[in-house]
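Analysis of the macromolecular model
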Amino acid sequence: MRLILLAALLTAFIAAISAGAVKIDLFNMSEIERNIFLDVRLPRVVLAGLVGAALALSGVLFQYVMKNPLADSFTTGVSASSAMGAVIAIMLGLMPYIPLFALAGGLAGLCLVSRIASHRGRIQPITMLLAGIVLSTFASATISFMKFLSDDAVSSIIFWLMGGFQAATASKDMILFAVICLSFLMIRDDYLKLDILCFDDTTASSTGVDVNRLRKKLFFAAALLTAFSVGYAGIIGFVGLIIPHILRLGNFVKASYLLPASLIGGAAFMIATDLIARTILQEGQELPVGVITSSIGGVFFLYLLIKRRKELFYFN
Amino acid sequence: MVAVLGNNGSGKSTFLNVLSGQMDFTGDYRVGNRKFQEISQQECARRIGFLPQEAALNMPFDAFYVVLTGRFIHSDGRMYSEQDVIYTEKAMKTFDVFHLKDRLFNALSGGEKQRVLLARVMNMDTDIFLLDEPFSGIDILHQIKVVDIFKRLQREKIIMVVIHDLSFAIHHFSRFLFFREGLLLYDMGRNELDPEKLSDIFGVRVGFVEQNKRMFVYTEEI
């Protein structure tokens with residue numbers, strides 16, 4: 001199964017670097033073609049892969065924390081509050097600091113939500129989801145208000161909110177790669193604990209897992225991944241929901257399989273989606289990638305609610 | 001072996017939750033001559049195996065893996081060893097659930113789940129076992145098998161069990177804690193049991209009948 005995932009990632013990658021608005025023969029490039037390839041296409045494909053990996057991993061982490069398959073950076077409100085931070089950065093004209101503002105926004109949102117959802121030092125999953133919805137709504141409203149206030153930044157805000165990888169650069173790729181490595185290192189020794197976290201809290205903590213400490217760590221890693229993804233590529237919905245769910249259906253259930261697989265699967269999915277987004281329209285026009293993931297995700301969300309109600313029930 | 005008895009809401013589960021470190025408390029509680037507050041969560045898990053009344057699992061793990069997770073505190077935290085796998089097989093065979101090892105835990109019947117969870121707790125290999133209604137949902141055949149396992153272990157381990165079946169408890173257990181309205185009313189040995197006290201505790205008329213040198217309990221409304 002892991003081999004299939006790797007093969008899918010490789011195929012998507014090769015397809016994505018060879019196709020595009022400008023036809024490029026990989027083995028025989030002219031000067032201009034080489035510039036296009038190295039400065040535009042390759043960073044873009046890599047960014048798509050990294051953002052996909054980060055979002056899928058953060059989705060998995062949110063699902064562990066909240067014991068709920070509907071949890072991801074979207075439903076907890078972390079995406080929206082990161083976006084709010086990023087929009088503030090755009091309004092102030094501080095483009096290079098977008099990820100930092102997104103991180104500040106995301107962490108502030110997460111602190112708020114987990115504070116609201118904490119009861120006697122424990123996080124209540126249901127309250128958390130509700131608080132996440134409220135936070136999302138509030139953040140969207142704030143973003144709308146900021147759009148209304150600023151006439152000159154409005155087009156760049158709208159463009160950025162739709163989500164996409166047009167603004168990819170090699171340095172963004174490297175920073176995001178470092179962020180993913182950091183988050184992965186934070187949790188790679190906790191696979192067994194993550195599995196035990198799937199039991200009820202009493203069973204988990206009496207087995208010897210410090211449930212609350214682990215949750216805080218997972219929260220931070222997930223917020224970090226979300227903030228940098230949002231900062232570089234805008235809001236791209238549902239990846240953190242779709243990929244882990246498909247992987248669990250494909251029998252990746254233990255954390256030691258699920259976490260690496262979600263990185264690879266998320267990357268493959270996002271590279272393929274971005275490839276579709278930039279090649280489906282004629283004459284080099286592009287569809288925002290967030291439009292594609294959100295529409296696939298919306299249908300998938302409905303499928304979850306209708307067909308897999310029983311499983312959702314099990315999660316509570 | 002200690003049986004904890006009392007009506008619903010009389011404080012049995014709260015008592016076990018406190019003893020297992022799942023709930024804050026005031027007062028003095030010592031494990032092996034040390035104040036409980038000074039014992040870390042890890043050490044607590046190494047000494048006390050706790051089976052809560054309702055366990056839930058929200059990931060499609062197979063029964064074998066569920067039992068294996070009981071070895072967490074003995075593992076290096078990253079991987080389960082060969083030894084852990086051997087212990088797990090043994091625990092599953094002991095509780096007669098080895099044939100279920102590849103089935104999904106959440107697809108098992110209530111009694112099968114309970115036996116798998118019992119195997120999981122026993123797999124923790126602690127000195128103290130606190131079991132909240134371990135017999136619920138288990139058929140008569142396996143109730144007897146399980147209580148026999150407890151009897152074999154009782155020389156080396158402390159086993160405290162919340163139980164509702166008075167006859168079964170009196171026949172198999174030697175020490176009894178009775179709870180009523182949040183208070184521990186009596187701590188008695190088998191010889192001290194008396195129908196009047198029991199009637200008072202449970203709010204029903206309790207009588208003893210002896211037949212073939214075995215004590216039977218009957219209950220009726222007052």
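Read on for an overview of the structure. Within any chain, residue numbers begin from 1 and follow the written order of that chain's sequence. As they are written, the chains are lettered A onward and the ligands numbered 1 onward, keeping that order. Residues qualify for local features only when their pLDDT is at least 70, as the model is predicted, and side-chain atom pairs are given and counted only at 80 or more; totals for whole chains, interfaces and linings, by contrast, use all residues. Side-chain calculation: all heavy atoms of the structure are included, whereas hydrogens and water are not.

Between its first and last C-alpha, helix α3 (residues 78–91) of chain A extends 20 Å over 14 residues, near the 20 Å set by a 1.5 Å rise per residue. Burial classification: accessible surface area is computed with a 1.4 Å probe over protein chains only, and a residue below 20% of its type maximum counts as buried, one above 50% as exposed, and the rest as partly exposed. The numbering of helices and of strands both runs from the N terminus, where a helix is a DSSP run of H or I of at least 4 residues and a strand a run of E of at least 2. For α3 of chain A, the tally of buried residues reaches 12 of 14 residues, placing the bulk of the element in the interior. Here the expected span of a helix is defined as 1.5 Å times the quantity of residues minus one.

All right, on to the pairing of strand β7 (residues 175–180) of chain B then. Residue and element names in this part refer to chain B. The pairing of strand β1 (residues 2–6) with β7 spans 5 bridges and is classified as parallel. Bridge pairing links Val2 to Arg175 in β7. Paired strands are those between which DSSP finds at least two bridges. As judged from the 6 bridges shared by β7 and strand β8 (residues 183–189), these two strands associate in the antiparallel manner. When the sheet's bridge partners are listed, Arg180 is paired in β8 with Leu183. From the end of β7 to the start of β8, which pair antiparallel, there are 2 residues, and Glu181 there has a positive phi angle of about 50°.

Residues and elements named next belong to chain B. With respect to the element layout, Ser20 can be found in the loop between α1 (12–19) and β2 (30–31). Residue class for Ser20 comes out buried when judged on its relative accessible area of 3%. Those residues within four positions of Ser20 in sequence are excluded, and the remaining contacts are Phe36, Cys44, Ile48, Phe50 and Leu130. Contacts are assigned to residue pairs that have any heavy atoms within 4.5 Å of one another.

Below, the discussion takes up the sheet that holds β1 of chain B. Strand-to-strand pairing in sheets goes through backbone hydrogen bonds, with the strands running parallel or antiparallel. Residues and elements named next belong to chain B. The mixed open sheet is built from 6 strands, whose spatial order is β4-β5-β6-β1-β7-β8. The sheet is open, and its two borders are formed by β4 (48–51) and β8, each paired with just one other strand. Each neighbouring strand pair of the sheet contributes to a mean axis angle of 15°, computed without reference to strand direction. Across the sheet, helix α8 (residues 195–202) touches β1, β7 and β8, and the angle it forms with β7 is around 40°. Axis definition: a line fit to C-alpha positions, over the contact stretch in the case of helices; interaxial angles, taken between N-to-C directions, run 0 to 180 degrees.

A word on the interface of chain B and chain A. If you look at the interface, chain B gives 29 residues, while chain A gives 25 residues. Both sides together, the interface formed by chain B and chain A hides about 2600 Å², and carbon and sulfur atoms give 58% of it. What makes a salt bridge here is a side-chain nitrogen of Lys or Arg within 4 Å of a carboxyl oxygen of Asp or Glu, nothing more. Counting across the interface, chain B meets chain A through 1 salt bridge. In this structure, Asp189 of chain A and Arg78 of chain B form a salt bridge, with 3.2 Å as the shortest nitrogen-oxygen distance. We define a polar contact as two N or O atoms separated by no more than 3.5 Å, with the added condition that, inside protein, one atom must be a possible hydrogen donor and the other a possible acceptor, whereas residues neighbouring each other in sequence contribute only through side-chain atom pairs. Our enumeration of links across chain B and chain A arrives at 10 residue pairs in polar contact (both at pLDDT 80 or more). Ranked by the residues each element gives to the side of chain B that touches chain A, the list is headed by helix α2 (residues 41–47) of chain B, at 3 residues. Classifying every residue of the side of chain B that touches chain A gives 17 nonpolar, 9 polar and 3 charged. Take the accessible area each of two parts loses on contact, using a 1.4 Å probe, and add the two losses: that sum is the buried area. Put simply, Ala, Val, Leu, Ile, Met, Phe, Trp, Tyr, Cys and Pro go in the nonpolar bin, Asp, Glu, Lys and Arg in the charged bin, and everything else, Gly too, in the polar bin.

Given a rise of 1.5 Å per residue, 13 residues ought to cover 18 Å, and the 18 Å separating the end C-alpha atoms of helix α5 (residues 110–122) of chain B matches this to within 8%. Of all the residues in α5 of chain B, the buried ones are Gly111, Gln114, Arg115, Val116, Leu117, Leu118, Ala119, Arg120, Val121 and Met122 of chain B.

As a further point, take a nonpolar patch on the surface. All names here are of chain A. Side chains of Ile88, Met91, Leu92, Leu94, Tyr97, Leu100, Phe145, Phe148 and Leu149 sit close together on the surface and give an oily, nonpolar patch of about 910 Å² of accessible area. Taken together, the elements giving at least two residues each to the nonpolar patch come down to α3 and α5 (125–149). Among the elements that line the nonpolar patch, the one with the most residues is α5, at 3 residues. Within the secondary structure layout, Phe145 lies in helix α5. Every patch collects residues that have over 30% relative accessible area and no salt bridge, joining them within 9 Å if they carry like charges and within 5 Å if they are nonpolar side chains (Val, Leu, Ile, Met, Phe, Trp, Tyr). Here, Shrake-Rupley sampling with a 1.4 Å probe gives the accessible areas, and only protein chains in the shown set may cover a residue.

Residue and element names in this part refer to chain A. Where helix α7 (residues 170–187) meets helix α10 (residues 211–233), the closest approach of the two axes is 10 Å, and the angle between their N-to-C directions is 170°. Judged on the interaxial angle alone, α10 and α7 are roughly antiparallel. Here Lys172, Ile175, Leu176, Val179, Ile180, Leu182, Ser183, Met186 and Ile187 of α7 come into contact with α10, specifically with Lys217, Leu218, Phe220, Ala221, Leu224, Leu225, Phe228, Ser229 and Tyr232. Residue composition of the contact of α7 with α10, grouped by class: 14 nonpolar, 2 polar and 2 charged. Angular relationships are summarised with four words: roughly parallel below 35 degrees, roughly antiparallel beyond 145, roughly perpendicular across 65 to 115, and oblique for the angles in between.

Each aromatic ring pair is characterised by the separation of its centres together with the angle its planes make. Centres within 6.5 Å make a pair out of two Phe, Tyr or Trp rings, where for Trp the six-membered ring is used; the pair is then stacked when the planes are under 30 degrees apart, edge-to-face when over 60, and tilted otherwise. This structure, assessed with the given rule, holds 13 aromatic pairs over all chains. Geometrically, the ring pair formed by Tyr29 of chain B and Phe36 of chain B is stacked, given 4.6 Å between the ring centres and 20° between the ring planes.

Working definition of a nonpolar core: buried Ala, Val, Leu, Ile, Met, Phe, Trp, Tyr and Cys residues. They are joined through side-chain atoms within 4.5 Å. One finds Tyr64 and Leu259 of chain A together with Leu131 and Phe150 of chain B to be the most contacted residues of the largest nonpolar core, which totals 155 residues. At 17 residues, helix α2 (residues 31–66) of chain A tops the list of elements feeding residues into this core. If near-sequence neighbours (up to four positions away) are discounted, Leu259 of chain A is found in contact with Leu57, Val60, Leu61, Tyr64, Phe184, Ile187, Tyr191 and Leu194 of chain A. Grouped together as the second largest cluster of nonpolar side chains are 17 residues, Tyr29, Phe36, Ile39 and Phe50 of chain B included.

Here we take up unusual backbone geometry. Residues and elements named next belong to chain B. Here Asn33, not a glycine, exhibits a phi torsion of approximately 70°, which is positive. With respect to the helices, strands and loops of the structure, Asn33 is situated in the loop between β2 and β3 (34–35). When its relative accessible area of 70% is taken as the criterion, Asn33 is described as exposed. Even without being glycine, Asn212 reaches a positive phi, approximately 50°. In this fold, Asn212 is placed in the loop between β9 (205–211) and β10 (214–220).

A few words on the pattern of salt bridges. All names here are of chain B. Under the criterion given, the structure shown has 16 salt bridges over all chains. The closest approach of N and O atoms between Arg71 and Asp84, which form a salt bridge, is 3.1 Å. With Arg71 in the loop between α3 (63–68) and α4 (82–94) and Asp84 in helix α4, the pair connects residues that are 13 residues apart, well separated along the chain. You'll find Arg71 and Asp84 in the same group, each marked buried. Of the charged contacts, one joins Lys157 and Asp125 as a salt bridge, the two residues approaching to 3.3 Å between their closest N and O atoms. Of this pair, Lys157 sits in the loop between α6 (140–153) and β6 (158–162) while Asp125 sits in the loop between α5 and β5 (128–131), placing them 32 residues apart in sequence.

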